[in-house]
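Chain and residue survey
Letter by letter, the chains look like this.
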Amino acid sequence: QVELVESGGGLVQPGGSLSLSCTASDSIFSAYELVWYRQTPENQREWVAGITPGGMKKYADFVKGRSTISRHNDQNTAVLKMNSLKSEDTAVYYCKMEAVVTGWQDYWGKGIPVTVAS
């Protein structure tokens, strides 16, 4: 069983920045796509960004241009940096290891809250 732990959330002022980290307990992390989702206060789950094992990056339109996803396989860690935060970014953010091989299990973190408010 692989554990994923998110860190870096909290209260941020509008216009501010933060970095969310996701650390896996197993080096198989490097073979998975790493994806960030968020659950809004309205209980909507939204796909935010993803990075493939090869480093290809994808972003949802609502964060494109103000977010960067990266991965550091030597540390089993992925980072989502978000700038120009808005109140609409308030959500619980989850990281997920998504299998790229049929039959592999997916793994979720427990989530970390981000609140954008003054």
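Cut-offs and rules
- Residues numbered from 1 in each chain as written.
- Predicted model: local features only at pLDDT ≥ 70, side-chain atom pairs only at ≥ 80, totals over all residues.
- Heavy atoms only, no water.
- Helix = DSSP H or I, 4+ residues; strand = E, 2+ residues; numbered from the N terminus.
- Rg over C-alpha atoms; globule rule 2.2 N^0.38 Å.
- Buried < 20%, exposed > 50% of the residue type's maximum accessible area, 1.4 Å probe, protein only.
- Contact = heavy atoms within 4.5 Å.
- Pairing = 2+ DSSP bridges.
- Axes fitted to C-alpha atoms, helices over the stretch in contact; angles between N-to-C directions.
- Phe/Tyr/Trp six-rings, centres within 6.5 Å; stacked < 30°, edge-to-face > 60°.
- Salt bridge = Lys/Arg side-chain N within 4 Å of Asp/Glu carboxyl O.

Helix and strand content of the chain: zero helices and eleven strands. Walking the chain from its N terminus toward its C terminus, one meets helices and strands in the order β-β-β-β-β-β-β-β-β-β-β. Computed over its C-alpha atoms, the radius of gyration of the chain comes to 14 Å, within 12% of the 13 Å expected for a compact globule of 118 residues. When the backbone C-alpha atoms are referred to their principal axes, the chain occupies close to 45 × 25 × 25 Å. For the chain, the proportion of its 118 residues judged to be buried stands at 42%. Taking the intrachain contacts of the chain between residues at least 6 apart in sequence as the baseline, contacts between residues at least 24 apart amount to 55%.

If you walk across this open sheet you meet the four strands as S1-S3-S8-S7, and the pairing is antiparallel. With one partner strand each, in any of the chains shown, strand S1 (4-7) and strand S7 (67-72) form the two edges of the open sheet. Averaged over all adjacent pairs, the angle separating strand axes in this sheet is 15 degrees, with direction ignored. For strand S3 (residues 18-24) and strand S8 (residues 77-82), the ladder comprises six bridges, and the chain directions are antiparallel. Looking at S8, one finds that Ser-19 is bridged to Lys-81.

A few words now on the environment of Phe-29. Of note, Phe-29 is situated in the loop between S3 and strand S4 (33-39). Along the chain, Phe-29 and Gln-13 lie 16 residues apart, while their C-alpha atoms are 32 Å from each other.

With that settled, consider the packing of aromatic side chains. Scanning the entire structure with this criterion turns up four aromatic pairs. One aromatic cluster in this structure is built from Tyr-32, Trp-104 and Tyr-107.

A few words now on the pattern of salt bridges. According to the stated counting rule, one finds seven salt bridges in the structure shown. Two residues, Arg-38 and Glu-46, come together in a salt bridge whose shortest N-O distance is 2.7 Å. Since its relative accessible area comes to 24%, Glu-46 is described here as partly exposed. Close ionic contact of Glu-98 with Lys-96 constitutes a salt bridge, the shortest N to O distance being 3.2 Å. A relative accessible area of 17% places Glu-98 in the buried class. Overall, Lys-96 belongs to the buried group, its relative accessible area being 10%. Each of Arg-38, Glu-46, Arg-66 and Asp-89 takes part in salt bridges that share partners, so that together they form one network.

That is the geometry; function is a separate question.
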